Amino acid sequence: MAVTAMPTRLAVLMVGIAARQAASPTARIQARISFSVPVEALLAPVHGAFHRVAAQALTRWQEE
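This write-up is about the structure you can find in this document. (Residues numbered from 1 in each chain as written. Predicted model: local features only at pLDDT ≥ 70, side-chain atom pairs only at ≥ 80, totals over all residues. Heavy atoms only, no water.)

### Some points on the overall build of the chain
Helix and strand counts for the chain stand at four helices and zero strands. Put simply, the chain runs from its N terminus to its C terminus through helices and strands in the order α-α-α-α. Accessible surface, the chain as shown: approximately 6,200 Å² in total, 66% of it carbon and sulfur. (Helix = DSSP H or I, 4+ residues; strand = E, 2+ residues; numbered from the N terminus. Areas by Shrake-Rupley, 256 points an atom, 1.4 Å probe, with all protein chains shown as cover.)

### Digging into a nonpolar patch on the surface
Residues Met6, Leu10, Leu13, Met14 and Ile17 make up a contiguous nonpolar surface patch of roughly 440 Å² in combined accessible area. For leucine 13, the position within the fold is in helix H1 (residues 8–22). Assessed through its relative accessible area of 48%, leucine 13 is described here as partly exposed. (Patch = residues over 30% accessible without salt bridge, like charges linked within 9 Å, V, L, I, M, F, W, Y side chains within 5 Å. Salt bridge = Lys/Arg side-chain N within 4 Å of Asp/Glu carboxyl O. Buried < 20%, exposed > 50% of the residue type's maximum accessible area, 1.4 Å probe, protein only.)

Bear in mind that shape data such as this cannot, by itself, settle questions of function.
Following this line, the structure appears as structure tokens:
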């Protein structure tokens, strides 16, 4: 079986694509999912809301 090398320009292109994908917001969130967090921290966040941005939006809406 013959092994052929990948052209250098293609390799550089693929590395650039992988780097951009790894830096995306989705990739950063997915990377944090694998961290183990104590159950207490998940069920009782410091800010008191399960989805902080949604809670702030509802609070602002109620104050209007």
